[in-house]
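# Chains, contacts and geometry: an overview
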Amino acid sequence: MKKISLFTVLITVFLSCETTDDVPLGQNQAKTQNSQNFYLDVAYYHAPVHYQDVDRTGSHGLRGKADYITRYDFDGDLNAKNNWNNISNSSRKGNAVGYYSVVETTTHYFITYAFFHPRDWTDIWFLYRLDEHENDLEGVLTIVKKDNTTYGNALGVVTVFHSDFYSYKAPNSGLIDGNEGVDGTLTLQNDNGIYRFKTSAEAKGHGIKAHSKQKPGGSDYVVYYPSKTISEYPSDIYDRNVKYRLVNIFENGGMWDQRFNTNLFSNAKSFQKSYGNGSANAPWNWDDKNDGDNQGLLKGGIAYYPAHLIDEYFDGLGNFSKTYTYNPYLDIE
């Protein structure tokens, strides 16, 4: 029998392992990238036209600038405790973004959209510090039913208005009251052939409702439209066409990855602050104060278990699965 040296055996094993590892890694990377590209497409297709009310009164509103949506790192750092002061710098433009994440079950997509402001503010001087705080994050959860179309059919939303959630149905969606009552019907706006839900955020506190239930007061407001690539800054407080770029909460080094960064987050759930009373919560800490923990709707469930929340808020869902096939909050891929 021919003898095989130990060196030959080791080299053979090494090359075999290297070859075996290389091929699946490339395939997995491509699959992951393709999936994320698709989820961005889904998020873009269903992203809202977002009306942002603007208030010019009071020094803390910065003549409207404090109501513009932007990044939590608009100032170039990941320190949440200097955002209140840094947004007042005229050189800090803070272009518009909308953070998003996609969770999928066998029957639906659940898309979170989150809009950040460096200040939650008031123009009533004796409520300074009592009714203000550094950083603010409010948002929207959109429910999309899979069908024979590429991106599915959006049925409705749940909006975050501070410590309350509000639920709205799309026209002709068939959704009805669940254990929580439906708060109204969404209106739509044509954006180059895509009919988008219209959402609206108040000035100062930035709580979000459907535009049909909360319209901006007066003529000073900004209208934001979604984009995959473009992030714009309003030309003034009357700008009706500003692009907000969609930013994945789960991008490398993004909001989720930074949750243990103690310069940015406290207890991995709320943005740090150096000013005011109250705090801005990450989506995985959003909570309705009275929807009832006895229904299993725990704090942060709107992100971690969106199908469970929607199942409680609405009836008329039809074929509806709570089996998650993709849920990065739960590390299901």
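Bear in mind the structure is a predicted one, so any value in this text is a computation, not a measurement.

We now examine the pairing of strand β1 (residues 49–53). Every regular strand shows the same layout, with side chains that alternate between the two sheet faces. For β1, the buried fraction is high: five of the five residues fall into the buried class. Neither face of β1 is exposed, since V49, Y51 and D53 on one face and H50 and Q52 on the opposite face are all buried. Judged from the four bridges that link them, β1 and strand β9 (residues 194–201) form a sheet pairing that is parallel. Bridge pairing links H50 to T199 in β9. With four bridges joining them, β1 and strand β11 (residues 221–227) adopt antiparallel strand pairing.

What follows concerns helix α4 (residues 306–313). Of all eight residues making up α4, six are buried, and the element is well covered by its neighbours. Taken together, the buried positions of α4 are occupied by P306, A307, L309, I310, E312 and Y313.

This brings us to the packing of aromatic side chains. To describe a pair of aromatic rings, you give the distance between the ring centres and the angle between the ring planes. In this structure the tally under the stated criterion is 26 aromatic pairs. With centroids separated by 5.4 Å and ring planes inclined at 85 degrees, the aromatic side chains of F115 and Y244 adopt a geometry described as edge-to-face. Separated by 129 residues along the polypeptide, F115 in strand β3 (residues 108–120) and Y244 in strand β12 (residues 242–248) bring together distant segments of the chain. The class of F115 is buried, set by a relative accessible area of 1%. Pairing W125 with F126 gives two aromatic rings, centres 5.6 Å apart and planes at 90 degrees, and the pair type is edge-to-face. Using a relative accessible area of 65% as the deciding quantity, one classes W125 as exposed. Among the aromatic side chains, those forming a connected cluster through ring pairs are Y72, Y99, F116, F250, W256, F265, F271, W284, Y304, Y305 and Y329.

Moving on, we come to the pattern of salt bridges. Counted according to the given criterion, the structure contains nine salt bridges. Among the ionic pairs, K228 bridges to D41, the shortest N-O distance being 2.5 Å. Note that K228 is positioned in the loop between β11 and β12 and D41 in helix α1 (residues 6–46), a separation of 187 residues in sequence. In this structure K228 comes out as partly exposed when scored by relative accessible area, which is 33%. Classification of D41 by relative accessible area gives partly exposed; the value is 21%. Close ionic contact of D164 with K289 constitutes a salt bridge, the shortest N to O distance being 2.8 Å. Of this pair, D164 sits in strand β6 (residues 164–169) while K289 sits in the loop between β14 (270–271) and α3 (301–304), placing them 125 residues apart in sequence. Residue classification places D164 among the buried positions, given a relative accessible area of 17%. Here the salt bridges share partners, and the residues they tie into one network are D55, D123 and K204.

Cut-offs and rules
Residues numbered from 1 in each chain as written. Predicted model: local features only at pLDDT ≥ 70, side-chain atom pairs only at ≥ 80, totals over all residues. Heavy atoms only, no water. Buried < 20%, exposed > 50% of the residue type's maximum accessible area, 1.4 Å probe, protein only. Helix = DSSP H or I, 4+ residues; strand = E, 2+ residues; numbered from the N terminus. Pairing = 2+ DSSP bridges. Phe/Tyr/Trp six-rings, centres within 6.5 Å; stacked < 30°, edge-to-face > 60°. Salt bridge = Lys/Arg side-chain N within 4 Å of Asp/Glu carboxyl O.

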